[in-house]
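Per-entry structural report
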Amino acid sequence: MKILGLFLNNELRTGGHRRLLELLEDLAARGNETIAILNEKLAYEPRFFTAARVPCAYRRNSLIPISVSFRAAVCRSRANIEKACEGAEAIMIHGETHLAAAREIKRLTGTPILYAHRSNSVRDAEIARADSSLSVTDRLKTSRVKFFAGRYERILTR
């Protein structure tokens, strides 16, 4: 299977970022043809998958959402990305920041998106609600978090 990974962050800030790259490495090590579109500024050298580097400048906490910057980077690097995507059976992303970029690639190539989103907010709220010593205010807060974060996850997965 040919899998296209998409990771346009310029740094590995979270464990989720590292796990996505490890998953791509594992998929490639198991015999899948795996290509990842990576930010050219990302200090990561893959061992098993092939990296296609694209320029993607952005600043965290900017007025422009990161997802818009990622989509713009895909549009600017269209020729390189179409070449990397040739024959790909799936685009794999983990998180909503890459969703707009993945949808642009899907529009260009017709490749389906494999999308996994996991929020610790819902799980943390469920664990907190199981604590019988929570105040009424804290119970309301955790209910609110669980409702809105859960709804957000369902909207994204649709």
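Presented here is a report on the structure given in the accompanying data block.

Definitions and limits used
- Residue positions are given per chain, counted from 1 along the sequence in the order it is written.
- Two thresholds apply to this predicted model, a pLDDT of at least 70 for residue-level local features and 80 or more for giving and counting side-chain atom pairs, whereas whole-chain, interface and lining totals are computed over all residues.
- The basis for the side-chain values is all heavy atoms of the structure; hydrogens and waters are excluded.
- Put simply, DSSP marks the helices as runs of H or I at least four residues long and the strands as runs of E at least two long, and each gets a number from the N terminus on.
- Here a residue-residue contact requires only that any non-hydrogen atoms of the pair lie within 4.5 Å.
- Values of accessible area rely on a 1.4 Å probe in the Shrake-Rupley scheme; residue burial ignores everything except the protein chains shown.
- Positive charges are assigned to Lys and Arg, negative charges to Asp and Glu, while His and the chain termini are left out of the count.
- For this purpose, a charge sits on NZ of Lys, CZ of Arg, CG of Asp or CD of Glu.
- Using a 1.4 Å probe on the protein chains alone, a residue whose accessible area is under 20% of its type maximum counts as buried, one over 50% counts as exposed, and one in between counts as partly exposed.
- The arc in question is the one traced by the directions running from the helix axis out to the C-beta atoms.
- In these notes, a set of buried Ala, Val, Leu, Ile, Met, Phe, Trp, Tyr and Cys residues joined through side-chain atoms within 4.5 Å is what counts as a nonpolar core.
- Ring pairs shown here join Phe, Tyr and Trp side chains whose ring centres sit within 6.5 Å, with only the six-membered ring taken for Trp; geometry is labelled stacked below 30 degrees between planes, edge-to-face above 60, and tilted in between.
- Only the stretch in contact is used when a helix axis is fitted, and all axes are lines through C-alpha atoms; the angle between N-to-C directions ranges over 0 to 180 degrees.
- Here the word oblique covers every angle except those under 35 degrees (roughly parallel), over 145 (roughly antiparallel) and from 65 to 115 (roughly perpendicular).

**Considerations on the overall build of the protein**
- Scanning the protein for helices and strands turns up six helices and five strands.
- Expressed along its principal axes, the backbone C-alpha trace of the protein runs to roughly 55 × 40 × 30 Å.
- For the protein, the share of sequence-separated contacts (at least 6 apart) that also reach a separation of at least 24 residues comes to 54%.
- Of the roughly 9600 Å² that the protein leaves accessible, carbon and sulfur atoms contribute 50%.
- In the protein, 27 positive and 17 negative side-chain charges are present, and the distance between their average locations comes to 6 Å.

**Re helix α4 (residues 99-109)**
- Inspection of α4 places Ala101, Ala102, Glu104, Ile105 and Leu108 among the buried residues, and these make up the whole buried set. Down the axis of α4, the buried set is contained in an arc of 155°. They therefore lie on one face. Those residues of α4 that are exposed and angled more than 90 degrees off the buried face are Arg103 and Arg107.
- As for α4, its buried residues are in contact with β1 (2-7), β2 (33-39), α2 (66-76), α3 (78-85), β4 (90-93) and β5 (113-115).
- Once α4 ends, the next one or two residues include glycine 110, with phi positive near 80°.

**Re unusual backbone geometry**
- Of note, the phi angle at asparagine 61 is positive, near 60°, even though the residue is not glycine.
- Following the sequence through the fold, asparagine 61 ends up in the loop between β3 (50-54) and α2.

**Examining the side chain of serine 77**
- Turning to its location among the elements, serine 77 is positioned in the loop between α2 and α3.
- Owing to a relative accessible area of 7%, serine 77 belongs among the buried residues under this scheme.
- If sequence neighbours within four positions are ignored, serine 77 has contacts with Val54 and Pro55.

**Details of the nonpolar core**
- Core analysis: the largest hydrophobic core is formed by 22 residues, its most contacted members being Leu4, Leu6, Leu8, Ile37, Ile81 and Ile105.
- Sorting the residues of this core by element identifies β1, β2, β3, α2, α3, β4 and α4 as the ones contributing at least two each.
- Counting residues in each nonpolar core, the second largest holds 13 residues, with Ile3, Phe7, Leu20 and Tyr44 among its members.

**So, the packing of aromatic side chains**
- The final tally for this structure, using the stated rule, is three aromatic pairs.
- Ring plane angle 15° and centroid distance 6.2 Å describe the contact between tyrosine 44 and phenylalanine 49, whose orientation is recorded as stacked. Judged on exposure class, the residue tyrosine 44 and its partner phenylalanine 49 are both buried.
- Arranged with centres 5.3 Å apart and planes meeting at 90°, the rings of tyrosine 58 and phenylalanine 70 form a pair that is edge-to-face. Linking tyrosine 58 in the loop between β3 and α2 with phenylalanine 70 in helix α2, this pair joins segments that are 12 residues apart in sequence.

**Digging into the packing of α3 against α4**
- It is at 11 Å that the axes of α3 and α4 come closest, and there the two elements cross at 70°. Taken as axis vectors, α3 and α4 run roughly perpendicular relative to one another. Only Ile105, Leu108 and Thr109 of α4 make contact with α3, whose side of the interface consists of Arg78, Ile81, Glu82 and Cys85.

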